[in-house]
Amino acid sequence: MTSKVTEESLGYEQARDELIEVVRRLEAGGTTLEESLALWERGEELAKVCRRWLDGARARLDAALAEEEGSAAAADGDGE
């Protein structure tokens, strides 16, 4: 359960950096099957954290752009 707590407290950059390290270790080899599986599972968790951060950032950008477009449309409508 500690991974869930850690997962929720990780920022995007922290999760990304740890994911890079996990991938590096997996690509380097030299780990046991059990260690490789644990690394893979951790990598999957970290990828989900990164994806949630990126999805949240995309939603914020989309909302800001929609608000900007709505303001521009309202301003255009006032001029007519």
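As the structure is a computational prediction, the values presented were derived from the model and not from experiment.

1. Let's talk about the overall build of the protein chain
In terms of helices and strands, the protein chain carries three helices and zero strands. Going residue by residue from the N terminus, the α and β elements of the protein chain occur as α-α-α. Sequence separation of 24 or more characterises 73% of the internal contacts of the protein chain that already satisfy a separation of 6 or more. For the protein chain, the exposed area adds up to about 6,300 Å²; of that, 56% sits on carbon and sulfur atoms.

2. A few points about the pattern of salt bridges
Applying the stated criterion across every chain, the model contains five salt bridges. Between R16 and D17 there is a salt bridge whose closest N-O contact spans 3.1 Å. Classification of R16 as partly exposed rests on a relative accessible area of 31%. Of the charged contacts, one joins R42 and E45 as a salt bridge, the two residues approaching to 3.0 Å between their closest N and O atoms. Within this pair, R42 and its partner E45 are both found in helix α3 (residues 33-78), separated by three residues, close to a single helical turn. Classification of R42 as buried rests on a relative accessible area of 17%. Because the salt bridges share partners, they merge into one network encompassing E18, R42 and E45.

3. Observations regarding the confidence of the model for the protein chain
The predicted model of the protein chain averages 89 in pLDDT, with 86% of residues at 70 or higher. For the protein chain, helix α1 (residues 2-9) is the element with the lowest average pLDDT, namely 60, and helix α2 (residues 12-28) is the one with the highest, namely 98.

4. A word on the nonpolar core
Membership of the largest hydrophobic core is limited to seven residues, which are L10, A15, V22, L39, L46, V49 and C50. In terms of residues, this core owes the most to one element, α3, which gives four residues.

5. Structural notes on α2
Here α2 is 17 residues long and its end C-alpha atoms lie 24 Å apart, about the 24 Å a rise of 1.5 Å per residue gives. Downstream of α2 by a residue or two, G29 has a phi angle that is positive, lying close to 75°.

What counts as what
Residues numbered from 1 in each chain as written. Predicted model: local features only at pLDDT ≥ 70, side-chain atom pairs only at ≥ 80, totals over all residues. Heavy atoms only, no water. Helix = DSSP H or I, 4+ residues; strand = E, 2+ residues; numbered from the N terminus. Contact = heavy atoms within 4.5 Å. Areas by Shrake-Rupley, 256 points an atom, 1.4 Å probe, with all protein chains shown as cover. Salt bridge = Lys/Arg side-chain N within 4 Å of Asp/Glu carboxyl O. Buried < 20%, exposed > 50% of the residue type's maximum accessible area, 1.4 Å probe, protein only. pLDDT = per-residue confidence, 0-100. Core = buried A, V, L, I, M, F, W, Y, C linked by side-chain atoms within 4.5 Å. Expected span 1.5 Å × (residues − 1).

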